[in-house]
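Each chain, letter by letter, is given below.
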Amino acid sequence: AQSVTQLDSQVPVFEEAPVELRCNYSSSVSVYLFWYVQYPNQGLQLLLKYLSGSTLVKGINGFEAEFNKSQTSFHLRKPSVHISDTAEYFCAVTHTGNQFYFGTGTSLTVIP
Amino acid sequence: EADIYQTPRYLVIGTGKKITLECSQTMGHDKMYWYQQDPGMELHLIHYSYGVNSTEKGDLSSESTVSRIRTEHFPLTLESARPSHTSQYLCASTWGPNSPLHFGNGTRLTVT
């Protein structure tokens, strides 16, 4: 079975500071990994995805994530956050493309 | 612009009413999903479908039912709404093993 752990439920960070949102997964097989962002009263929007190839993945809005197979991690980073980055962030994993497993989410708050 | 549409966006109804939440996608995806999202952000899979005339219950027990008569349409029905059904309901779809989930904007349901 697969599972996803987002250790930080809330992350406050000052504007223009860097941020890292952590995601660890458990799986005995190869997986596809995703990060989503959710703004208030909206659905989830894809930020970036790791399917294969380069372990450093770049997404929208200046975000990037690094796949680390040995540590089973897929942490999300941004070098300088903006107020508009305040949102909920979800990490997700799938092996077959049928069942997707989500973390419990991280609430990012950017402080002016 | 979203290719997966949910209506209504907001709904307030009384206990005991029957309701149907609509979900349609224009991408030709075979796989569709319904998630329930509680105030703590976590997503719970309540129903999924891998194609026409195929529906399955998800991990979270739900008193709702779904149907999949057409590829593009995946409605969710509550025969008798209760206050415990108050939540946000998200519909999603995907086409393949290395394809992400695409989400609608959600329906926020309040049962009084």
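Residues numbered from 1 in each chain as written. Chains lettered and ligands numbered in written order. Predicted model: local features only at pLDDT ≥ 70, side-chain atom pairs only at ≥ 80, totals over all residues. Heavy atoms only, no water.

(A) Expanded view of the overall build of chain A. From N to C terminus, chain A includes zero helices and twelve strands. For chain A, the sequential pattern of α-helices and β-strands runs β-β-β-β-β-β-β-β-β-β-β-β. Relative to its length of 112 residues, chain A is compact, with a C-alpha radius of gyration of 13 Å against a globular reference of 13 Å. Referenced to the eigenvectors of the C-alpha coordinate spread, the extents of chain A come out at roughly 40 × 30 × 20 Å. Here chain A holds 112 residues, and the buried ones make up 45% of them. (Helix = DSSP H or I, 4+ residues; strand = E, 2+ residues; numbered from the N terminus. Rg over C-alpha atoms; globule rule 2.2 N^0.38 Å. Buried < 20%, exposed > 50% of the residue type's maximum accessible area, 1.4 Å probe, protein only.)

(B) Structural detail: the interface of chain B and chain A. On the chain A side, the residues contacting the 26 residues of chain B number 25 residues. Here chain B packs against chain A, burying approximately 1900 Å² in sum over the two surfaces, 55% of which is carbon and sulfur. It is Met41, Pro97 and Pro100 of chain B that lose the most area in chain B upon contact with chain A, and together they represent 27% of the buried surface on that side. Linking chain B to chain A there are eight residue pairs in polar contact (both at pLDDT 80 or more). Those elements giving two or more residues to the side of chain B that touches chain A turn out to be β4 (31-37), β5 (43-51) and β9 (87-94) of chain B. (Contact = heavy atoms within 4.5 Å. Buried area = accessible area lost by both parts, 1.4 Å probe. Polar contact = N/O pair within 3.5 Å; in protein donor to acceptor, adjacent residues only side chain to side chain.)

Don't take any of this as a statement about function, it's just geometry.
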